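Results of the structural survey
Here's the letter readout for the chains.
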Amino acid sequence: MLTNEAYKPINCDDYDSLELACQKQWTLALELKNGEQLKVKANDMITRKNVEYLVADLSGETRELRLDHIASFSHPELGTVVVSESD
């Protein structure tokens, strides 16, 4: 996955939903824009060099997923959220 591409911030409502998932340590079903599907436990949100990441637990391994690489995520209490870029 390219990491040098310009970061495109995601919609504020989608960001807030991910933040809530981290606060509640929810397990999310994620679909990445490259088609990869993951089940992760949401742990934290971080920003590094103006790029925002979801810090998630994937089968005991910590992964940092760029928010603009997430196509959608779902949880029973949230439903499915299709991530869109901020305007």
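Residues numbered from 1 in each chain as written. Predicted model: local features only at pLDDT ≥ 70, side-chain atom pairs only at ≥ 80, totals over all residues. Heavy atoms only, no water.

This next bit is on the overall build of the protein chain. The secondary structure content of the protein chain amounts to one helix and six strands. Starting at the N terminus, the α and β elements of the protein chain follow one another as α-β-β-β-β-β-β. For the protein chain, whose C-alpha radius of gyration is 12 Å, the value lies close to the compact-globule estimate of 12 Å for 87 residues. Viewed in the frame of its principal axes, the protein chain has a C-alpha envelope of about 30 × 30 × 25 Å. (Helix = DSSP H or I, 4+ residues; strand = E, 2+ residues; numbered from the N terminus. Rg over C-alpha atoms; globule rule 2.2 N^0.38 Å.)

A separate point is the packing of aromatic side chains. If you walk through the whole model with that rule in mind, you get zero aromatic pairs. For arginine 48, the ring lying beneath its charged end belongs to tyrosine 53, and the centroid distance is 5.6 Å. (Phe/Tyr/Trp six-rings, centres within 6.5 Å; stacked < 30°, edge-to-face > 60°. Lys NZ or Arg CZ within 6 Å of the ring centre and 35° of its normal.)

Let us look at the nonpolar core. Residues Leu18, Leu28, Leu30, Leu54, Leu67, Ile70 and Phe73 are the most contacted members of the largest nonpolar core, which totals 24 residues. Of all the elements in the fold, those that place two or more residues in this core are α1 (12-23), β1 (27-32), β2 (37-48), β3 (51-58) and β5 (70-75). Top contributing element to this core by residue count: β3, with five residues. Not counting residues up to four positions away in its chain, the partners in contact with isoleucine 70 are Leu30, Glu31, Leu32, Lys33, Leu54 and Val83. (Core = buried A, V, L, I, M, F, W, Y, C linked by side-chain atoms within 4.5 Å. Buried < 20%, exposed > 50% of the residue type's maximum accessible area, 1.4 Å probe, protein only. Contact = heavy atoms within 4.5 Å.)

Regular strands have side chains that alternate between both faces of the sheet. Residues Leu28, Leu30 and Leu32 line the buried face of β1, whereas the alternating positions Thr27, Ala29 and Glu31 sit on a face that is not buried. Where β1 and β2 come together, five bridges link them in antiparallel fashion. Bridging across to β2, threonine 27 finds its partner in lysine 41. Where β1 folds back on β2, the antiparallel hairpin that results is connected by four residues, among which glycine 35 adopts a positive phi of roughly 95°. Sheet topology note: the β1/β5 ladder contains four bridges and is antiparallel. The residue bridging glutamate 31 from the neighbouring strand is serine 72, located in β5. (Pairing = 2+ DSSP bridges.)

A separate point is the pairing of β5. Where β5 meets strand β6 (residues 79-82), four bridges bridge the pair, whose relative direction is antiparallel. Bridged to phenylalanine 73 within β6 is valine 81. Between β5 and β6, which pair antiparallel one after the other, the connecting turn spans three residues.

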